[in-house]
Amino acid sequence: MAADPGPVFSALADDTRRALLRQIVAQGPVTATQLTVGQPMSRQAVAKHLAVLDEAGLISGSRRGREVRYLADPAPLAQARSWIDDTASAWDVRLSRLADLVGGAANDDQP
Amino acid sequence: MENPPDDLPDLAESVERSVLLDATPDLVRDALVRPDLLSAWLGEWSESDTGTSVVTDDGVRRLVERVVSHGADTNTVVWRWQPVGLDGELSEVTISITEEAAGTRVTVREAVLARASTHSSASNALSASSSAPAVSWLPSLLALGAVLALGAVAAV
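Rules behind the numbers
- Residues numbered from 1 in each chain as written.
- Chains lettered and ligands numbered in written order.
- Predicted model: local features only at pLDDT ≥ 70, side-chain atom pairs only at ≥ 80, totals over all residues.
- Helix = DSSP H or I, 4+ residues; strand = E, 2+ residues; numbered from the N terminus.
- Rg over C-alpha atoms; globule rule 2.2 N^0.38 Å.
- Buried ≥ 20, exposed ≤ 12 C-beta atoms within 10 Å, placed from the backbone.
- Contact = placed C-beta atoms within 7 Å.
- Expected span 1.5 Å × (residues − 1).
- Arc of directions from axis to C-beta.
- Pairing = 2+ DSSP bridges.
- pLDDT = per-residue confidence, 0-100.

**Quick look at the overall build of chain A**
Each helix and strand in chain A was counted, giving five helices and three strands. Moving toward the C terminus, one meets the helices and strands of chain A in the order α-α-β-α-α-β-β-α. The C-alpha atoms of chain A give 20 Å as radius of gyration, which overshoots the globular expectation for 111 residues (13 Å, by more than 25%). Dimensions of chain A along its principal axes, counting C-alpha atoms only, are 65 × 30 × 20 Å. Relative to its 111 residues, chain A shows a buried fraction of 37%. Residue pairs in contact within chain A that sit at least 24 positions apart in sequence constitute 55% of those at least 6 positions apart.

Below is the structure:
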């Protein structure tokens, strides 16, 4: 069974956090201050979003002097992908059994 | 703010599967709510005073909390479930049936529920889940994962 993807899904349920993650992916190691530039929110707000991403394992921070630089981590995304694949496969099997139980599948023209 | 790279297509909200069955809606409804019929296709389904559970194909017992058993239109069943004894996902399953000319369509949607914090037991998570919002995004992760993986390879 795949690891619990809940924290990843929860973290990425927010548009702002998804945008921040995209920005970190695009820019590489980046500080909260850099991520705040041009944002309609404070550095503190950005830091809170980064903390959620960090808790979900989607980013990690490394301190250099007074600054923390954040880098994206693909591992939790792989876990989420695994959950999606496992869940889809499981339902394919279950629905096939349901079809057998109630009389079979009908011709389905739906793509 | 600089526009983020447009490399993340919108992800589906959840896993969704559909099948068209050569059966009446009534028969299909029964298969979605009767424990004996659920046991025949979903997994060993048991209901007792202590709760409802099902043992699925992977041998995992899941605690089940019915959220909607036969919706207002009697065509929707919703439950939340979570593996017992594992720090597994808490998810919500929505099954809807629609009558079509060629049969009855069954559509299953399963989405991980967001949680405020990790939990120590499935029952706690289930009882705490009533206010948890369902995941409302999903698909762009996959493209993002690919981008990150490529970056990892390039770094090597």
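**Digging into the overall build of chain B**
Along chain B, the regular secondary structure elements total four helices and seven strands. When the elements of chain B are put in sequence order from the N terminus, they spell out β-α-α-β-β-β-β-β-β-α-α. Within chain B, the fraction of its 156 residues that count as buried is 31%. Pairs at least 24 apart in sequence give 45% of the contacts found in chain B among residues at least 6 apart.

**Focus on helix 4 (residues 43-55) of chain A**
All names here are of chain A. End to end, helix 4 covers 18 Å across 13 residues, agreeing with the expected 18 Å (1.5 Å per residue, within 8%). Turning to helix 4, its buried residues are Val46, His49, Leu50 and Leu53. In a view along the axis of helix 4, the buried residues occupy a sector of 100°, so they form one face of it. Here the buried face of helix 4 lies against helix 1 (6-11), helix 2 (15-27), helix 3 (32-36), strand 2 (59-64) and strand 3 (67-72). Count one or two residues on from helix 4 and you reach glycine 57, which has phi positive near 80°.

**Quick notes on the sheet that holds strand 2 of chain A**
Spatial ordering of the open sheet is given by 1-3-2 (chain A), a layout of three strands whose pairing is antiparallel. Bordering the open sheet on either side are strand 1 (30-31) and strand 2 of chain A, each of which pairs with just one other strand.

**So, helix 1 (residues 25-33) of chain B**
At 3.6 residues per turn, the α-helix brings residues three or four places apart onto the same side. By the burial criterion, the buried members of helix 1 of chain B are Val28, Ala31 and Leu32 of chain B. Here the buried residues of helix 1 of chain B occupy an arc of 100° about the axis, which is enough to place them on one side. Check the buried side of helix 1 of chain B and you find it contacts helix 5 (75-102) of chain A together with strand 1 (15-21), helix 2 (35-41), strand 5 (76-83), strand 6 (91-100) and strand 7 (103-112) of chain B.

**Quick notes on the pairing of strand 2 of chain A**
Residues and elements named next belong to chain A. Bridge count for strand 2 against strand 3 is six bridges, and the pairing is antiparallel. Opposite arginine 64, over in strand 3, you have glutamate 67 as the bridge partner. What sits between the antiparallel neighbours strand 2 and strand 3 is a turn of two residues, in which glycine 65 has the positive phi angle 65°.

**Overview of the confidence of the model for chain B**
Residues and elements named next belong to chain B. The predicted model of chain B averages 72 in pLDDT, with 60% of residues at 70 or higher. Mean pLDDT across the elements of chain B bottoms out in helix 3 (residues 122-127) (43) and peaks in helix 2 (95). Low pLDDT, under 50, characterises residues 1-13; the stretch is placed with 33 contacts to residues that sit more than four places away or in other chains. Confidence over residues 152-156 falls short of pLDDT 50; this stretch has one contact with residues more than four positions distant or in other chains. The ipTM assigned to the predicted complex is 0.71, against a pTM of 0.71.

**Examining the environment of aspartate 26 of chain B**
Among the secondary structure elements, aspartate 26 of chain B is positioned in helix 1. Given 11 C-beta atoms within a 10 Å radius, aspartate 26 of chain B is considered exposed.

**Topic: the environment of leucine 53 of chain A**
Note that leucine 53 of chain A resides in helix 4. Take leucine 53 of chain A: there are 26 C-beta atoms within 10 Å of it, and that puts it in the buried class.

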